[in-house]
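A look at the structure
Here are the chains, one letter per residue:
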Amino acid sequence: MGKDFYEVLGVSKNASKEDIKKAYRKLARKWHPDINPGNKEAEQKFKEISRAYECLGNEEKRKLYDEFGEDGLKSGFDAERARQYQQWSSFQQERQTHAGQEFGQYHSYEDIFGDLFNFSTEGTPFKTATSFRGRDIEHDMTIDLLSALKGFTTELSIQKMKQCPECNGSGTDPHSPITSCPNCGGSGCLNVAKGPLHFTRTCPECQGKGKRGNNCTQCDGSGQVYGTERIKVSIPQGVKEGSKVRVAGKGEPGLNSQSGDLYLVIHVTPHPLLKREGDNLYMEVPVTVREAMAGSTITIPTIDGPVNVKVPSGSQTGQTLKLKGRGAFSTKTKQRGDLLVKLIVKVPKTDNKEILEAAEKMDNFYRDDVRANIKL
């Protein structure tokens, strides 16, 4: 663990920004390498002072440091998820203190008895207080429109609770001696009632394992640590803004139970040519004056590859052609929408005399005033 930044600068934790700056300047003048040439100790001291001021002199970094220590300054640190972990850790400690209390819904009458009297019915297969499913988590994922329409497979680096690599989730130091739990005699449970109904409760000392060892130093006995995990995910075709993609078992690990699920919340960036509305796709395609007047067959790109489209003679700007089944795939109906192609007639930019004379002659073929209906 590194030195406390406040101690390095010699200021209190409630020091003002100006006090921190003054302390840094004073120490920097004293330990600067130019003033102490060849002095390795001074060089190291100056590095520590600079690093401390880089953090405490920045309000945002100082807040993270005060809350999370140096971990809060690491690249990619997620403060919100770290707070969630702290809440989870607090719950773990309380759960261990009050072992046997269920933190969820009742699943049978045995659960009600267990919650009231801190025991479980011996031999019954219902969930006990020392087993719970891992928490589901959400992760925002931004992708481009084409990727959303086609689907793809990728790998993500996600910060979350994961199984402790040191103890493999057991919570016990693998290098410590393992002994039979003296509280339950190695059975993992304690008798709490005698008579026609025989009840037991999970041993609070060994959490039902029957064995004991020292707590793992890396996870402090919880069996879980906060870190980064690379996860392979498949995004199905047709996802849209706000879609949620479930990745089973990739949430936070449970206690003696299955892990929760990861839900990817999809955000889609706009495309320069394509626009999605519902399951239909819209595209504007330019055509020449000749293609619009005489009709033609043109080639346009689609998400399935190039497609030939017939432009009717006499087409106008704004006229829309429908290509059925060339739109977006619907994850609900398993059907595809349509691609609607809006034609835009493009006039050539030229000062060629012959072209301009031909355009002038073309004016004679308009039957009506093209601006007759333009009124306010």
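Scroll up to find the structure this text is about.
Nothing here was measured: the structure is a model prediction, and the numbers come from that model.

The side-chain alternation of strand 11 (residues 274-277) yields one buried face, formed by Leu-274 and Arg-276, and one unburied face, formed by Lys-275 and Glu-277. A loop of two residues connects strand 11 with strand 12 (residues 280-288), the two strands running antiparallel in sequence, and Gly-278 in this loop sits at a positive phi of about 65°.

Our next topic: the sheet that holds strand 11. Strand pairs in the sheet, formed through backbone hydrogen bonds, run parallel or antiparallel to each other. Pairing in this open sheet of four strands is mixed, and the strands run 11-12-16-15 from one edge to the other. Edge positions in the open sheet fall to strand 11 and strand 15 (320-323), since each of these has one partner strand only. Going from strand to strand, the sheet's axes swing by 30° on average, the running direction of each strand aside. Both strand 12 and strand 16 (residues 339-346) contribute to a ladder of eight bridges, which runs parallel. Paired with Leu-281 across the two strands is Leu-339, which belongs to strand 16.

The subject of this paragraph is the packing of helix 2 (residues 17-31) against helix 3 (residues 40-56). Interaxial distance between helix 2 and helix 3 falls to 9 Å at its minimum, and their mutual angle equals 165°. Judged by the inter-axis angle, helix 2 sits roughly antiparallel to helix 3. The handedness of the crossing between helix 2 and helix 3 is left-handed. Packed against helix 2, whose contacting residues are Ile-20, Lys-21, Tyr-24, Leu-27, Ala-28 and Trp-31, the element helix 3 presents Ala-42, Lys-45, Phe-46, Ile-49, Ser-50, Tyr-53 and Leu-56 at the interface. Looking at the contact of helix 2 with helix 3 residue by residue, the class counts come to 10 nonpolar, one polar and two charged.

If you walk through the whole model with that rule in mind, you get three aromatic pairs. Relative to Tyr-65, the ring of Phe-5 has its centre 4.6 Å away and its plane inclined at 15°; by these criteria the two rings are stacked. Highlighted residues: Phe-5 in helix 1 (residues 5-9) and Tyr-65 in helix 4 (residues 59-68), separated in sequence by 60 residues. When its relative accessible area of 4% is taken as the criterion, Phe-5 is described as buried. The class for Tyr-65 is buried, based on a relative accessible area of 9%. The interplanar angle of 5° and the centroid separation of 4.2 Å between the aromatic rings of Tyr-24 and Tyr-53 together place this pair among those described as stacked. Here the residue Tyr-24 occupies a position in helix 2, and Tyr-53 occupies one in helix 3, the gap between them amounting to 29 residues. Looking at Lys-45, its charged tip hangs above the ring of Trp-31, at a distance of 5.9 Å from the centre.

Analysis parameters
- Residues numbered from 1 in each chain as written.
- Predicted model: local features only at pLDDT ≥ 70, side-chain atom pairs only at ≥ 80, totals over all residues.
- Heavy atoms only, no water.
- Buried < 20%, exposed > 50% of the residue type's maximum accessible area, 1.4 Å probe, protein only.
- Helix = DSSP H or I, 4+ residues; strand = E, 2+ residues; numbered from the N terminus.
- Pairing = 2+ DSSP bridges.
- Axes fitted to C-alpha atoms, helices over the stretch in contact; angles between N-to-C directions.
- Parallel < 35°, antiparallel > 145°, perpendicular 65-115°, else oblique.
- Left-handed = near helix turned anticlockwise from the far one by under 90°.
- Contact = heavy atoms within 4.5 Å.
- Nonpolar A, V, L, I, M, F, W, Y, C, P; charged D, E, K, R; others polar.
- Phe/Tyr/Trp six-rings, centres within 6.5 Å; stacked < 30°, edge-to-face > 60°.
- Lys NZ or Arg CZ within 6 Å of the ring centre and 35° of its normal.

Read these as layout, nothing more, since geometry by itself doesn't imply function.
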